[in-house]
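# Coordinate inspection notes
One-letter residues, chain by chain:
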Amino acid sequence: MKRGFLSNKNKKSPKSSPAPASDPKPVGASDGAQVTAGFQLSETCRPYSENPRIIEADYRHGQAPEASHFLYVPSTPGAATVVFIDHLANIQTISSWDVLNRPPPAIPDPPYVLEASSDKGIKMVARRPIAIGELVALERPLVVSRTDVAIAEDQSASGIFYRAALSGLSPATLSTIMALRNSFGPEQEPILGTLLTNYQPVIIPEIPHTEYSGLFPILCRANHDCSPNTNFFFNPRSFTGQFHAVRAIAKDEEITVLYSELAAPRDERRAELQEHYKFLCECSTCSLRPDLAEKSDSRRRAIGALIPMMHAGSYADDLTLARIEELLEWATEEGMYALYAEILVYGFGLGMRLGAPDVARKWSQMAATAFKILDGADSPRLS
Ligand SMILES: C[S@@+](CC[C@H](N)C(=O)[O-])C[C@H]1O[C@@H](n2cnc3c(N)ncnc32)[C@H](O)[C@@H]1O
């Protein structure tokens, strides 16, 4: 899956009313607000409930269904390690989830270390060989925000909204967030710049049709590669972000993940990465010599052309099993493991349509194996 971007940059608040004239100030101590220097609830915030600890982000929205609220977990003032930013109805749903009261599972002997890189800031590196399908890293998010969160214009560019949202987190959590990389310069408010640099996509099946972004403070240290060696999967059962190795990773090899659209030619991938993450990709695929780069581009284009049909479940009349075989081979050689799995599912459908049940069965089994490698045994795609 493509990395999640916030789509809130110009999102208007649900109901606009005049901005308050004065600077933001903390609400009274009696409401239990954790106030950290520079991070405080704005004067448009007001407590909604103490346990669960929910703050209405902007009372000027009145009872608008899409008015933003903050939920802090755990509720104890000063102890929160996660903030959820969402509409009230979803916030109330989330606050009832027992999984958030349980510690996440731990990997006893994590196979990675974080190191300084010569050119990319911090990087994640394998400290021992990692097997294909191995769970590499796992952690809870510190921030989970719906991607289309409504923020009043007077609170967005100034950072008031996000300072308020983060103000209820524990000081240690806040420090962790503020130590993360911000690849945006003065063009972006610093907290939003940090979130945009590091967010990963979160799908919460219990809340369908809503996209979320999550801030995972270790996972976000992994750099991008156009043929990544891990897949990011958000596991709703444990409410954790996870990296699963999609091929064997050697000791000392950098652990990478995908930030961009895989099935796009190099120039498009680079343009997208430059725009959203402010770097020029020089991964091995982007650094191929011209003839090989052209070959890679045409293969990725061909796979990309299939995606709308895969999503629609439609099949061209002239599509053959041999063509699917060819695309599977290209996806493997291009290191596009997530798309390889999707093509297998699509090929299963084609095999059934063309009266080739043996081929269909083989691809269905291979798809199940691929999903287990990509997401682990909890993959929703295995059911
Ligand atoms: C989510 S952070 C990754 C971790 C980051 N290296 C750090 O120091 O925390 C994203 C930022 O890392 C850098 N980055 C990630 N992948 C890169 C790559 N393949 N080449 C160069 N810089 C990269 C870019 O500055 C990008 O905006």
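Residues numbered from 1 in each chain as written. Predicted model: local features only at pLDDT ≥ 70, side-chain atom pairs only at ≥ 80, totals over all residues.

### Side note on the overall build of the chain
- Helix and strand content of the chain: 10 helices and 14 strands.
- Computed over its C-alpha atoms, the radius of gyration of the chain comes to 22 Å, within 12% of the 21 Å expected for a compact globule of 383 residues.
- A principal-axis box enclosing the C-alpha atoms of the chain has dimensions of 70 × 45 × 40 Å.
- A total of 383 residues make up the chain; the buried ones form 40% of that total.
- Of all intrachain contacts in the chain linking residues separated by at least 6 positions in sequence, the fraction that spans at least 24 positions is 64%. (Helix = DSSP H or I, 4+ residues; strand = E, 2+ residues; numbered from the N terminus. Rg over C-alpha atoms; globule rule 2.2 N^0.38 Å. Buried ≥ 20, exposed ≤ 12 C-beta atoms within 10 Å, placed from the backbone. Contact = placed C-beta atoms within 7 Å.)

### A short note on the domain arrangement of the chain
- Split into domains, the chain comes out as domain 1 (1–104 + 140–217) and domain 2 (266–382).
- Contact with domain 1, which involves 6 residues of that partner, is made by 5 residues of domain 2.
- Here the residues of the side of domain 1 that touches domain 2 are counted per class, giving 4 nonpolar, 2 polar and no charged. (Domains from an automatic or database assignment. Nonpolar A, V, L, I, M, F, W, Y, C, P; charged D, E, K, R; others polar.)

### Considering the sheet that holds strand S12 (residues 230–235)
- Spatial ordering of the open sheet is given by S7-S13-S12, a layout of 3 strands whose pairing is antiparallel. Two strands close off the open sheet at either side, each with one partner strand: strand S7 (135–139) and S12. Strand-to-strand, the axes of this sheet are offset by a mean angle of 20 degrees, without reference to chain direction.
- Note: S7 against strand S13 (residues 240–245), 4 bridges, orientation antiparallel. Looking at the pairing, Glu139 lines up with Gly241 of S13. (Pairing = 2+ DSSP bridges. Axes fitted to C-alpha atoms, helices over the stretch in contact; angles between N-to-C directions.)

### As for helix H4 (residues 171–178)
- Taken residue by residue, H4 has Thr173, Leu174 and Ile177 as its buried positions. Looking down the long axis of H4, one finds its buried residues gathered within 100 degrees of arc, a one-sided arrangement. H4 presents Pro171, Ala172 and Ser175 as exposed residues on the side facing more than 90 degrees away from its buried surface.
- Buried residues along H4 sit in contact with helix H3 (160–167), helix H5 (190–198) and strand S10 (212–215). (Arc of directions from axis to C-beta.)

### Some words on the environment of Phe184
- Position of Phe184 among the secondary structure elements: in the loop between H4 and H5.
- Here the alpha-carbon distance between Phe184 and Gly133, two residues 51 residues apart in the chain, equals 34 Å.

### Comments concerning the site of the ligand
- Contacts to the ligand come from 17 residues, most closely from Gly121, Ile122, Arg181, Ser183 and Asn223.
- Sorting the residues of the shell around the ligand by element identifies strand S6 (122–126), H5 and strand S11 (223–224) as the ones contributing at least two each.
- Taken together, the residues of the shell around the ligand sort by class into 6 nonpolar, 6 polar and 5 charged.
- Two domains each put at least three residues into the shell around the ligand: domain 1 (1–104 + 140–217) and domain 2 (266–382). (Near = placed C-beta within 6 Å.)

### Observations concerning the packing of helix H8 (residues 321–333) against helix H9 (residues 337–353)
- The contact between H8 and H9 brings their axes to 9 Å, and the two run at 170 degrees. Comparing the axis directions of H8 and H9 gives the class roughly antiparallel. Of the residues in H9, those in contact with Leu321, Ile324, Leu327, Leu328, Ala331 and Thr332 of H8 are Leu339, Tyr340, Ile343, Leu344, Gly347, Leu350 and Gly351.
- When grouped by side-chain class, the residues that make up the contact of H8 with H9 number 10 nonpolar, 3 polar and no charged. (Parallel < 35°, antiparallel > 145°, perpendicular 65-115°, else oblique.)

### Observations regarding the confidence of the model for the chain
- Looking at the chain as a whole, its pLDDT mean stands at 90, while 90% of the residues score no less than 70.
- Interface confidence for the predicted complex, expressed as ipTM, amounts to 1.00; the pTM equals 0.90. (pLDDT = per-residue confidence, 0-100.)

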